[in-house]
Amino acid sequence: MSSSSVPSAPPAAAGGASPSTGRKRRKRFSLLTRRDKLTLGLMVGIPAFIHIFLIWMPMLGSIVLSFTSWNGIGGLDKIKFIGFKNYENLFSNYPPFWPAFENNLIWLAAFLLIATPLGMLMAVILDQNLKGTRIYQSVLYMPVVLSLAIVGFIAQLMYSPNMGFINNFLVAVTGDPKWTASGTAIDWLGTPGLNFAMVLVAAGWRHVGYVMVLYLAGLKSVDNTLREAAAIDGANARQTFFRVVFPVLAPINVVVLVVTIIESLRAFDIVYIINKGLNGLGLLSVLITNNILGEASLIGFGSAMAVILLLISIGPIIYYLARTMGREAE
Amino acid sequence: MTATPAPVGSRQVVTGKRQRPHYFTHAFLIVVSLIWFLPLGWAVYTSLRPYGDTGGNARGYFSIGGAYNFNNFVNAWNQADLPLHFLQTILVVVPALILILAFASMVAVALSRYSFRFNLALLMLFTAGNLLPQQVVIVPLFRLYLALPMFAPLSDNGIWYDQLFGIVMIHLAFQLGFCTFVLSNYFKQIPKEINEAAFVDGASVWRTYRSVLLPLARPALAALATLEFTWIYNDFFWGILLLRTGDKFPVTSALNNLSGQFFTDNNLLAAGSLIVALPTLIVYFALQKHFVAGLTLGSTKG
Amino acid sequence: MADLVQRSVSRRTLLKGGAAVAALGGVSAFLAACGSSSSTPAPSAASAASAAASAAPSSAAAPSAAGSITFGSNYSDPVPQKAFADTMAAFTAKTGIQCTINTVEHNKFQDTINAYLQATPDDCFTWFAGYRMRFFAAQGLATDISDVWQTIGANFSDAFKTASTGNDGKQYFVPLYNYPWVVIYRKSFWQQKGYQIPKTIADFTALGDQMKKDGLIPLAFADKDGWPAMGTFDILNMRLNGYDFHVGLMAGKEKWTDPKVVAVFQEWAKLLPYFDPQPLGLTWQEAAQKLINKQAGMYFLGTFAGQQASDQATHDDLDFFPWPLHGTQYDSEMAIDAPIDGFMVSAKAKNLDGAKAAMEFLGSAEAANTYLATDPNDVAANKNADTSKYNAFQKSSATIIAGANKIAQFLDRDTRPDFAGANGMQGFLQTFLKNPTQDLNKFLSGIQSFYDSLPPQ
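Remember, it's a predicted structure, so these values are computed and weren't measured experimentally.

1. A few points about the confidence of the model for chain B
All names here are of chain B.
Turning to step 1, where the next piece is worked out: Per-residue pLDDT for chain B has a mean of 85; in total, 88% of the residues score no lower than 70.
Turning to step 2, where the next piece is worked out: When mean pLDDT is compared element by element in chain B, helix H4 (residues 82–113) scores highest at 94, while helix H13 (residues 261–264) scores lowest at 70.
Turning to step 3, where the next piece is worked out: The low-confidence segment residues 1–17 (pLDDT under 50) makes 39 contacts with residues lying over four places distant or belonging to another chain.
Turning to step 4, where the next piece is worked out: Scoring of the predicted complex yields 0.83 for pTM and 0.86 for ipTM.

2. Here we look at the sheet that holds strand E5 (residues 181–186) of chain C
All names here are of chain C.
Turning to step 1, where the next piece is worked out: Strand order in the open sheet made by the 4 strands is E6-E7-E5-E8, with mixed pairing throughout. Lying at the two open borders of the sheet, with one neighbouring strand each, are strand E6 (217–220) and strand E8 (318–321). On average, adjacent strands in this sheet sit at an angle of 30° to one another, irrespective of strand direction.
Turning to step 2, where the next piece is worked out: Summarising the sheet, E5 and E8 pair through 4 bridges and their orientation is antiparallel. Bridge pairing links Val183 to Phe321 in E8.
Turning to step 3, where the next piece is worked out: Along the sheet, helix H15 (residues 284–292) contacts E5, E6, strand E7 (296–302) and E8; its crossing angle with E7, the most-contacted strand, is approximately 140°.

3. What to know about the environment of Pro192 of chain A
Residues and elements named next belong to chain A.
Turning to step 1, where the next piece is worked out: Structurally, the position occupied by Pro192 is in the loop between helix H8 (165–174) and helix H9 (194–220).
Turning to step 2, where the next piece is worked out: You can call Pro192 partly exposed: its relative accessible area is 32%.
Turning to step 3, where the next piece is worked out: Separated by 88 residues in the primary sequence, Pro192 and Gly280 have C-alpha atoms spaced 5.2 Å apart.

4. Some words on the interface of chain A and chain C
Turning to step 1, where the next piece is worked out: Each side of the interface is counted separately: chain A has 33 residues, and chain C has 37 residues.
Turning to step 2, where the next piece is worked out: The junction of chain A with chain C conceals about 2,900 Å² of combined surface from both sides, 52% of it contributed by carbon and sulfur atoms.
Turning to step 3, where the next piece is worked out: Contact with chain C buries area across many residues of chain A, yet Ile73, Leu278 and Glu295 of chain A alone supply 25% of it, more than any other trio.
Turning to step 4, where the next piece is worked out: On the surface where chain A and chain C come into contact, there are 1 salt bridge.
Turning to step 5, where the next piece is worked out: Taking the shortest distance from any N to any O, the salt bridge between Asp111 of chain C and Lys276 of chain A comes out at 3.5 Å.
Turning to step 6, where the next piece is worked out: Counting across the chain A and chain C interface gives 8 residue pairs in polar contact (both at pLDDT 80 or more).
Turning to step 7, where the next piece is worked out: Elements with a minimum of two residues in the side of chain A that touches chain C: helix H13 (269–275) and helix H14 (284–290) of chain A.
Turning to step 8, where the next piece is worked out: Looking at the side of chain A that touches chain C residue by residue, the class counts come to 12 nonpolar, 18 polar and 3 charged.

5. Some details on the nonpolar core
Turning to step 1, where the next piece is worked out: Of all hydrophobic cores here, the largest spans 355 residues; its most connected members are Leu54 of chain A, Trp238 of chain B together with Trp268 and Trp323 of chain C.
Turning to step 2, where the next piece is worked out: The element contributing the most residues to this core is helix H7 (residues 164–188) of chain B, with 17 residues.
Turning to step 3, where the next piece is worked out: Residues in contact with Leu54 of chain A, not counting those within four places in the same chain, are Leu141, Leu144, Tyr145, Trp160, Met169, Ile170 and Ala173 of chain B.

6. Comments concerning the packing of helix H8 (residues 192–200) of chain B against helix H9 (residues 205–216) of chain B
All names here are of chain B.
Turning to step 1, where the next piece is worked out: Where H8 contacts H9, the two axes come as close as 11 Å, and the packing angle between them is 155°. Between H8 and H9, the angle falls in the class roughly antiparallel. For the crossing formed where H8 meets H9, the hand is right-handed. Touching Ile194, Asn195 and Ala198 of H8 are Thr208, Val212, Leu213 and Leu216, all from H9.
Turning to step 2, where the next piece is worked out: In terms of residue class, the contact of H8 with H9 is built from 5 nonpolar, 2 polar and no charged.

7. Examining a nonpolar patch on the surface
All names here are of chain A.
Turning to step 1, where the next piece is worked out: Residues Leu38, Leu42 and Ile46 make up a contiguous nonpolar surface patch of roughly 280 Å² in combined accessible area.
Turning to step 2, where the next piece is worked out: Along the polypeptide, Leu42 turns up in helix H3 (residues 34–65).
Turning to step 3, where the next piece is worked out: A relative accessible area of 46% places Leu42 in the partly exposed class.

8. Some remarks on H9 of chain A
Turning to step 1, where the next piece is worked out: Over its 27 residues, H9 of chain A extends 39 Å from the first C-alpha to the last, a length consistent with the 39 Å expected when each residue adds 1.5 Å.
Turning to step 2, where the next piece is worked out: Among the 27 residues of H9 of chain A, 23 are classified as buried, and the element is accordingly described as predominantly covered.

9. Some remarks on the pairing of strand E4 (residues 174–178) of chain C
Residue and element names in this part refer to chain C.
Turning to step 1, where the next piece is worked out: The buried fraction of E4 is high, at 5 of 5 residues.
Turning to step 2, where the next piece is worked out: One ladder, built from 4 bridges, connects E4 with strand E10 (residues 340–345); its direction is antiparallel. Bridging from a neighbouring strand, Tyr177 pairs with Asp341 of E10.
Turning to step 3, where the next piece is worked out: Summarising the sheet, E4 and strand E11 (residues 379–380) pair through 2 bridges and their orientation is antiparallel. Residue pairing for E11: Asn178 is matched across the bridge by Val379.

10. Some points on the interface of chain B and chain A
Turning to step 1, where the next piece is worked out: Taken together, the 118 residues of chain B in the interface contact 121 residues of chain A.
Turning to step 2, where the next piece is worked out: In this structure, the connection of chain B to chain A is made through 0 salt bridges.
Turning to step 3, where the next piece is worked out: Connecting chain B to chain A are 16 residue pairs in polar contact (both at pLDDT 80 or more).
Turning to step 4, where the next piece is worked out: Its residues assigned to classes, the side of chain B that touches chain A shows 79 nonpolar, 30 polar and 9 charged.

11. Quick look at helix H12 (residues 250–266) of chain A
All names here are of chain A.
Turning to step 1, where the next piece is worked out: For H12, spanning 17 residues, the distance from its first C-alpha to its last is 24 Å, which sits close to the expected 24 Å at 1.5 Å a residue.
Turning to step 2, where the next piece is worked out: Here H12 lies mainly inside the structure; 12 of its 17 residues are buried.
Turning to step 3, where the next piece is worked out: What H12 keeps buried is the set Ile252, Asn253, Val254, Val255, Val256, Val258, Val259, Thr260, Ile261, Ile262, Ser264 and Leu265.

12. Remarks on the packing of aromatic side chains
Turning to step 1, where the next piece is worked out: Overall, the coordinates contain 82 aromatic pairs over all chains when judged by the stated rule.
Turning to step 2, where the next piece is worked out: Measuring from ring centre to ring centre gives 6.0 Å for Phe241 of chain A and Phe246 of chain A, while their planes differ by 55°; the resulting arrangement is tilted.
Turning to step 3, where the next piece is worked out: Summarising the aromatic geometry, the rings of Tyr177 of chain C and Tyr371 of chain C are spaced 5.5 Å apart at their centres and angled 20° between planes, so their arrangement reads as stacked. Of this pair, Tyr177 of chain C sits in strand E4 while Tyr371 of chain C sits in helix H18 (residues 365–374); the two residues are 194 residues apart in sequence, bridging distant segments of the chain. For the residue pair Tyr177 of chain C and Tyr371 of chain C, the accessibility class agrees, reading buried in each case.

The rules behind the values
Residues numbered from 1 in each chain as written. Chains lettered and ligands numbered in written order. Predicted model: local features only at pLDDT ≥ 70, side-chain atom pairs only at ≥ 80, totals over all residues. Heavy atoms only, no water. pLDDT = per-residue confidence, 0-100. Helix = DSSP H or I, 4+ residues; strand = E, 2+ residues; numbered from the N terminus. Contact = heavy atoms within 4.5 Å. Pairing = 2+ DSSP bridges. Axes fitted to C-alpha atoms, helices over the stretch in contact; angles between N-to-C directions. Buried < 20%, exposed > 50% of the residue type's maximum accessible area, 1.4 Å probe, protein only. Buried area = accessible area lost by both parts, 1.4 Å probe. Salt bridge = Lys/Arg side-chain N within 4 Å of Asp/Glu carboxyl O. Polar contact = N/O pair within 3.5 Å; in protein donor to acceptor, adjacent residues only side chain to side chain. Nonpolar A, V, L, I, M, F, W, Y, C, P; charged D, E, K, R; others polar. Core = buried A, V, L, I, M, F, W, Y, C linked by side-chain atoms within 4.5 Å. Parallel < 35°, antiparallel > 145°, perpendicular 65-115°, else oblique. Left-handed = near helix turned anticlockwise from the far one by under 90°. Patch = residues over 30% accessible without salt bridge, like charges linked within 9 Å, V, L, I, M, F, W, Y side chains within 5 Å. Areas by Shrake-Rupley, 256 points an atom, 1.4 Å probe, with all protein chains shown as cover. Expected span 1.5 Å × (residues − 1). Phe/Tyr/Trp six-rings, centres within 6.5 Å; stacked < 30°, edge-to-face > 60°.

Structure representation (structure tokens):
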């Protein structure tokens, strides 16, 4: 790894390695002492080893194990290769799979179509620098610093049928005690379908602020003269935003898109803390975890689900790498 | 990308003549902010009241009156063993933060200031690794943790599983990706002349890194430290997966083991949740600038 | 911090460094005294210990390795935790063998048992009887303790011995106590309302109708965590189809698509109007609160529901009866779920002699008496245990268990764990509760095909 290390021209100036600087580097390279080369090798080598050893190696392991049957007990010699059997069972004999898959898609759709645009809207409004912007911004951003596990608890404080805010509020407004009485109270987290929607509301509470901050940073970098020019040309606010500002935000859009997709696929804490992903709250991440934690693990089966999750996430990851690093590769 | 973006929203929009009062916008913002604040506000309100005044057949939760005190906080603090779990959190967060920032800055310097044959490929590997959903790797990782040996005092059972050391390592592996990405972008913006000057002075690679480049990256490191603190503090999943002994759980993962009264007493639950949320809220309000900078450092780069 | 230090000391130093400490002379006299009353030093004693011992001139150091064991415990709630600590303290007082208890939260203990037993098990661990025990015995993760049963066998009925026996006919388990799944109610409340204990399912529904009229939920019910509903399935299946069919179904010998199973879910659907209509958002603790707060008339659960009574008076006011009879040929079985908790020795036990000494002690009446003195919510498995100090709750439990001719463990203890878990039966039963009028044949063939898709064991 340390074979060809030389000081490089920062891309900020050169935008990547040009053939001429390449030659210059090779000359420089000989100037680096052996010790420097060793230092550089270790500076990259140790962290890279840790990263590859704990992430990429297990990822490959997931792929291999997905074609096997193993209950996780005994040595590796107990592993049996069974071809695509795990995938067949997953698709046809495993009732929790499709609902979980569907939930992941709904989660993604809700975040992309509702939470993210809302975050963007808040960013645009707050970018106008009205009075009190800092306060609004702080309030909207506050949930982002909480873990989704805490968000899960706070959601329970809001949703609990007898003790929660919503139902008690309904009693106070309507004067009718039925809203918190057993049997007639709406069970926000116990009713399948409804409970997933309520989880999305709670998770969205956090996601909106996240998206807002990313866009606020992006909007700040938009050159004001562009807007002024648009204003002079007689464009209204909406036209200015969609025709002038939004295109400039393209890099942010990539980040937000990828963050949204990845967060949707990673979602775990909130449903696990509410009911371990049972009763309509299943997600792929929870099903995989349940197949490892538990008295008897289905290692191959869990791995097959992990591979499905990998296949879904690989697209956005490649897209992101291409968009952010593609230019440097040229 | 700037090192320390000015607080978001500080730029004055020059809209010139068409400045209208924003009554509608303000009304909208106030309503949204109230809705956003409601869950936390409700948690605070609930936590200050004794269960006896709100639960069962008493006033009910949506009411005013009765006692207001911090008893729920005291009870949650003691019943959930929070001091012990906060200690575990510190034992994870502090080493993890130091290692992540040290290693990530080394890789970032090597990849951005020196030319490796594979530096772009490596950077992509780190970044992609950071974006993988954790569940993609956990099946083999779990077996790996059961098999890998480790000596005392880093491990009291001889392996990586059920050890805070193991938690630190997995945070390190994952977060290296993000921090390397952010820091290498940062270092690329530092003029190359600095390296060359150090080189001419005969400084070694290590000295250049340690005494020249690292100090220059202080703002980025501060931003990342703030952000990573929050992320690692908030981690729930790795603790659940890779720990077993109840006493070892960091505070966020320990929430999963709350039992007994916490199930039936929302006031206690509210107090417990707030205590656990408090450190990140404090960090956020105290270091808001760094926090937002950290998030946007990684993203505004096009 | 003190806790951390203490833990690492107890785990490592006691086992491996203990001999070295002894060699320094600080505690050698004490350890020698302990060692003399325990069995001979195990050859499997930690190598560090024997190395230190051979290096040390004092021969007293050697028994110290055999003089301590570690015990993995899932008794994480305060009352059982203290009861178990007292029990093991009695063991140490009697045998001189030190015991370090490593307690792990109950659910976590179960979830991680597989990894725990393979990687870093303690010498002994707390566990459950039934398939759950036989599974780990068959996987070679537990030590055969038939020799201990030679000594303690006389203390237990055949039923308990069978429940402690693995597939290979050897014993792997020492039972401590069990508790029945029963219908719990508040005595004073029923007196006030004039309710009578229902003997048959017709009495039960009539009582339920009356309770509804009185504005009560007849039967509290909670299944947020997925497992409590299993108890209801078990009892209905045993009442309608008999114990043998139930056990066969659990073992995979009978099919879930059998019309007999359809009948169970049909019966359950018929009874559901008497259950709390919103069980999926509630934990059993919340359901028990409804019973205690007199919002619900009855609650079908293990007697551990009594833990939710906040004071002694309320606890004393709780009583219970077996699930009513359904008028089938199996009524006379009076079958119930009465799960047995007890202890096992791990396959990797470092101090096998010490571990077996602990098993022997735990199989004694003294151990049962000591445990139940602190945690009087269960019934001793040991037939020589002192029942004279039983409270009313325990006496009723003992009567009901004695009156049952067939005793099952519990669904998740009687069938393979990967089938019973969150992705399996827990989810299936919730699917049923969500929509009890669904096509049951389709529902049950889904369960069967899931069972069939599991790898052979």
